[in-house]
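Observations on the model geometry
What follows is the residue order along each chain.
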Amino acid sequence: EIMIEERFGPVGSERYKDYLKDIHASGAHMLSLVNDLLDLSKIEAGKMELSFAPVDANGLIAECMSIMQSQANSRRVVMRQALAPSLPPISADSRALRQILLNLLSNAVKFTPGGGQVIVSSAFTEAGNVLVRVKDTGAGMSEDDVRIALEPFTQIAPVSDTRGTGLGLPLTKALVEASGGSLTIRSCPQGGTLVEIVFPSTQIRAAQ
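Throughout what follows, the structure given in this document is the object of discussion. (Residues numbered from 1 in each chain as written. Predicted model: local features only at pLDDT ≥ 70, side-chain atom pairs only at ≥ 80, totals over all residues. Heavy atoms only, no water.)

With that out of the way, let us pick up the overall build of the chain. Per the secondary structure count, the chain includes 6 helices and 7 strands. Seen through its principal axes, the chain has C-alpha atoms that stretch 65 × 40 × 30 Å. Taken across its 208 residues, the chain has 39% of its residues classed as buried. When the accessible area of the chain is evaluated, it comes to approximately 11,500 Å², of which 54% is carbon and sulfur surface. In the chain, which carries 19 positive and 22 negative side-chain charges, the distance between the mean positions of the two groups comes to 2 Å. (Helix = DSSP H or I, 4+ residues; strand = E, 2+ residues; numbered from the N terminus. Buried < 20%, exposed > 50% of the residue type's maximum accessible area, 1.4 Å probe, protein only. Areas by Shrake-Rupley, 256 points an atom, 1.4 Å probe, with all protein chains shown as cover. Lys, Arg positive; Asp, Glu negative; His and termini not counted. Charge placed at Lys NZ, Arg CZ, Asp CG, Glu CD.)

Here we come to the sheet that holds strand E7 (residues 193-199). Backbone hydrogen bonds hold the strands of a sheet together, and the pairing may be parallel or antiparallel. As summarised here, the arrangement of the 5 strands in space is E2-E4-E5-E7-E6, forming an open sheet in which the pairing is mixed. In this open sheet, the two edge strands, each paired with only one partner strand, are strand E2 (78-82) and strand E6 (182-187). On average, each strand axis in the sheet is inclined to that of its neighbour by 15 degrees, with strand direction left out of account. Helix H2 (residues 57-74) contacts E2, strand E4 (117-124) and strand E5 (130-136) of the sheet and is inclined by roughly 170 degrees relative to E2. Running over the sheet, helix H3 (residues 94-110) touches E2, E4, E5 and E7 and is turned about 25 degrees from E5. (Pairing = 2+ DSSP bridges. Axes fitted to C-alpha atoms, helices over the stretch in contact; angles between N-to-C directions. Contact = heavy atoms within 4.5 Å.)

Here the focus is the environment of Ala57. Within the secondary structure, Ala57 is located in helix H2. Residues Ala57 and Leu83, 26 residues apart in the sequence, show an inter-C-alpha distance of 9.4 Å. Apart from the residues within four sequence positions on either side, Ala57 is in contact with Leu87 and Ile90.

Of the strand pairs in this sheet, E2 and E4 are connected by 5 bridges, and their pairing is parallel. By the bridge assignment, Val78 is partnered in E4 with Gln117. If you look at the hairpin formed by E4 and E5, you'll find 5 residues sitting between the two strands, and Gly128 has a positive phi there, around 90 degrees.

This brings us to the packing of H2 against H3. Across the interface, H2 lies against H3 with an axial gap of 10 Å and an inter-helix angle of 35 degrees. Crossing hand, H2 versus H3: right-handed. Residues Leu60, Ile61, Glu63, Cys64, Met65, Ile67, Met68, Gln71 and Ala72 of H2 form the contact with H3, whose own contacting residues are Ser94, Leu97, Arg98, Leu101, Leu102, Leu105, Ser106 and Val109. For the contact of H2 with H3, a count of residues per class yields 12 nonpolar, 3 polar and 2 charged. (Left-handed = near helix turned anticlockwise from the far one by under 90°. Nonpolar A, V, L, I, M, F, W, Y, C, P; charged D, E, K, R; others polar.)

A word on the environment of Thr125. Structurally, Thr125 is set in the loop between E4 and E5. For Thr125, a relative accessible area of 23% translates into the label partly exposed.

Let us look at the pairing of E6. Direction of pairing for E6 relative to E7: antiparallel, over a ladder of 6 bridges. Paired with Ile185 across the strands is Val195, a residue of E7. Between E6 and E7, which pair antiparallel and follow one another directly, the connecting turn spans 5 residues, one of which, Gln190, has a positive phi of 65 degrees.

In this section: H3. The end-to-end C-alpha distance of H3 is 24 Å, a good match for the 24 Å that 17 residues give at a rise of 1.5 Å each. Sitting at the amino-terminal end of H3 is Asp93, which places a side-chain oxygen 3.0 Å from the backbone nitrogen of Arg95. (Expected span 1.5 Å × (residues − 1). Polar contact = N/O pair within 3.5 Å; in protein donor to acceptor, adjacent residues only side chain to side chain.)

For Arg76, which is not glycine, the phi torsion reads 55 degrees and is therefore positive. As for its placement among the helices and strands, Arg76 is situated in the loop between H2 and E2. Its identity as a non-glycine residue notwithstanding, Gln190 has a phi of 65 degrees, on the positive side. With respect to the secondary-structure elements, Gln190 resides in the loop between E6 and E7.

Right, let's talk about the packing of H3 against helix H5 (residues 168-178) for a bit. Two elements in contact, H3 and H5, have axes separated by 9 Å at closest approach and are oriented at 145 degrees. Between H3 and H5 lies a crossing of left-handed hand. On H5, the residues touching Ala96, Gln99, Ile100, Asn103, Leu104 and Asn107 of H3 are Gly168, Leu169, Leu171, Thr172, Leu175 and Val176. Taken together, the residues of the contact of H3 with H5 sort by class into 7 nonpolar, 5 polar and no charged.

So, to be careful, I would describe these as geometric facts and stop short of saying anything about function.
So this is what it looks like as structure tokens:
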């Protein structure tokens, strides 16, 4: 970063600047991998410290969609939301829930071709559960692909020009379960993907 910003003087050749950008991107990718690995290891060891408090899921969804908007715009992907009015707060760790939503939105945008859509919705069921759904019109996955995608350090055949760490979905699923919820994925090749998170009524009552 110091060299890219030329804080101590000009670097010189533009080719050097291109190399610096590659080095910086590789470093950021490695840092993301290490952070995801540490979080996953903490969860598996039961050492992840979550601070449960009432969370406005609709507000957090809107915040995360705003963060992802520029990435969606650059890939010509339309993001839409359909949020249930008067959704009750859920007992969760806001940082963990934000990471869950950003991971799912990032994946949805990444694997949806230009002109496609990503739709995020919320609902409150008669059973007292809160549902959060992230649906895309992207490439989709087979049942085997879904199973592979949920295994740490494994990735399905690339259908995007954006590389990943192989930890995004496993970490997301682990964070959901650590937060008291459950995650399911329904998908089919060329038919898009629907990820549904269910927070049970106990998480809603705990937030009252």
